[in-house]
Amino acid sequence: MFGSLGKKFADDIANQIQQKVGEHLSNKARENGSTEQATESLGQVTGRRKALFIGINYYGQNGELRGCINDVHNIKNFLTKNYRIDEVLVLTDDQTSNPNKMPTRKNILAAFRWLRNGAKSGDSLIFHYSGHGGSVKDTDGDEEDGMDETLIPVDYKQAGHIVDDEVHDVLVRGLPKGVRLTSIMDCCHSESILDLPYIYTVNGDLQIIETSKNEGIATLVGAGTRFLLDGNKTKAITSIKEGMKHLMSSASGGNSAAREKAIKTRSTEADVIQFSGCRDSQTSADAQIGGQATGAMSYALITSLKKSKNQNYTHLLKEMRQLLNGKYTQVPCMSAGRKLVLDDLFAI
């Protein structure tokens, strides 16, 4: 109906309306007790910075991926160019000549221990993973959806998956107060892959109950506005499907006993923050963007930070969601190990 400028205008207006509706519903959610405000301050990074990058393409296996090693190189190059990093470890399954650098189950767990070894207050740890993620039945009652999430190492057929309980126990549990761990998880079923108890809304509040319904309503309003303005039926239908998925997922509710157990057993003294590529019920896209195979979430993170490094964590989450909205069904998420106020500028 419109040219490219008209379509951009329609997108901008629809996105603004969707954002405003989301903000209004989030305020209502806070009033009725389905969210709460964060209260704890984020510590300052003053010490050493270590980074672990893991990318697995699963060469020659069923479910082979294309963009995960590219993701590692892209994220690593961006972070080392724009932030100070003192030590780096990279595990990718193209390093066949060096068995210690292959992302096997044993090597991944050893890399977790390397990353946290000697960490003290003021230190910053960075973990980026791009590869397959899985989902299995929860056996200890700490998952609201009844499912544990998993990382899938390159030798999973022989060694098995790494369940989120073990990821938390080896990488997160017992990190000293004042240490910052920033995790970037570009894999399927990744929302709670570190088993952190506090999930954030795009307005920086903490979810007490599932707030997907509000996101679904906001997405549907944005889709309707976009269609009325530019008549783009395909894009509108994509957004409507996304909104309906939010609404349907909200209908299942949550397990409050599981949430209470997670808070009791998974809260951290350290400042642990995770960006994930999607909700636990979703998959993350192995995409083709700009002529290169890449994970959609890794691409969104780099693109958002290139746009502006001077944005806080909540705004960065909004930017990432905005970039993927209407193109992919996945919804990037953010979680933490304690009730952190994440209005500080993103930093590692």
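Residues numbered from 1 in each chain as written. Predicted model: local features only at pLDDT ≥ 70, side-chain atom pairs only at ≥ 80, totals over all residues. Heavy atoms only, no water.

**What to know about the pairing of strand β14 (residues 333-336)**
Looking along a regular strand, one sees the side chains alternate between the two faces of the sheet.
So, point 1. Residues Cys333 and Ser335 line one face of β14 and the alternating positions Met334 and Ala336 line the opposite face, and both faces are buried.
So, point 2. Examined bridge by bridge, strand β11 (residues 271-276) and β14 share 4 bridges and lie antiparallel to one another. Of the residues in β14, the one forming a bridge with Ile273 is Ala336. (Buried < 20%, exposed > 50% of the residue type's maximum accessible area, 1.4 Å probe, protein only. Helix = DSSP H or I, 4+ residues; strand = E, 2+ residues; numbered from the N terminus. Pairing = 2+ DSSP bridges.)

**Details of helix α9 (residues 296-307)**
So, point 1. A rise of 1.5 Å per residue sets the reference length of α9, with its 12 residues, at 16 Å; its end C-alpha atoms lie 16 Å apart and thus fit the reference within 8%.
So, point 2. Of the residues making up α9, those classed as buried are Ala296, Met297, Ser298, Ala300, Leu301, Ile302, Ser304 and Leu305.
So, point 3. Contacts made by the buried residues of α9 are with α2 (68-82), β4 (124-130), β8 (180-186), β11, β13 (292-295) and α10 (313-324). (Expected span 1.5 Å × (residues − 1). Contact = heavy atoms within 4.5 Å.)

**Digging into the packing of aromatic side chains**
So, point 1. Scanning the entire structure with this criterion turns up 6 aromatic pairs.
So, point 2. Here Tyr58 and Tyr156 contribute two aromatic rings whose centre-to-centre distance is 6.5 Å and whose plane-to-plane angle is 75°, an arrangement assigned as edge-to-face. Pair noted here: Tyr58 is in the loop between β2 (49-55) and α2 and Tyr156 is in helix α4 (residues 156-159), with a separation of 98 residues, a long-range link.
So, point 3. With relative accessibility at 0%, the residue Tyr58 sits in the buried group. (Phe/Tyr/Trp six-rings, centres within 6.5 Å; stacked < 30°, edge-to-face > 60°.)

**Things to note about the sheet that holds β11**
So, point 1. One open sheet accounts for 7 strands, arranged β3-β2-β4-β8-β11-β14-β9; its pairing is mixed. The strands lining the two open edges of the sheet, one partner per strand, are β3 (87-92) and β9 (198-199).
So, point 2. Both β4 and β8 contribute to a ladder of 7 bridges, which runs parallel. Within β8, the position partnered with His128 by the bridge is Ile184.
So, point 3. Running over the sheet, α9 touches β4, β8 and β11 and is turned about 130° from β8. (Axes fitted to C-alpha atoms, helices over the stretch in contact; angles between N-to-C directions.)

Distances and angles like these do not, on their own, reveal function.
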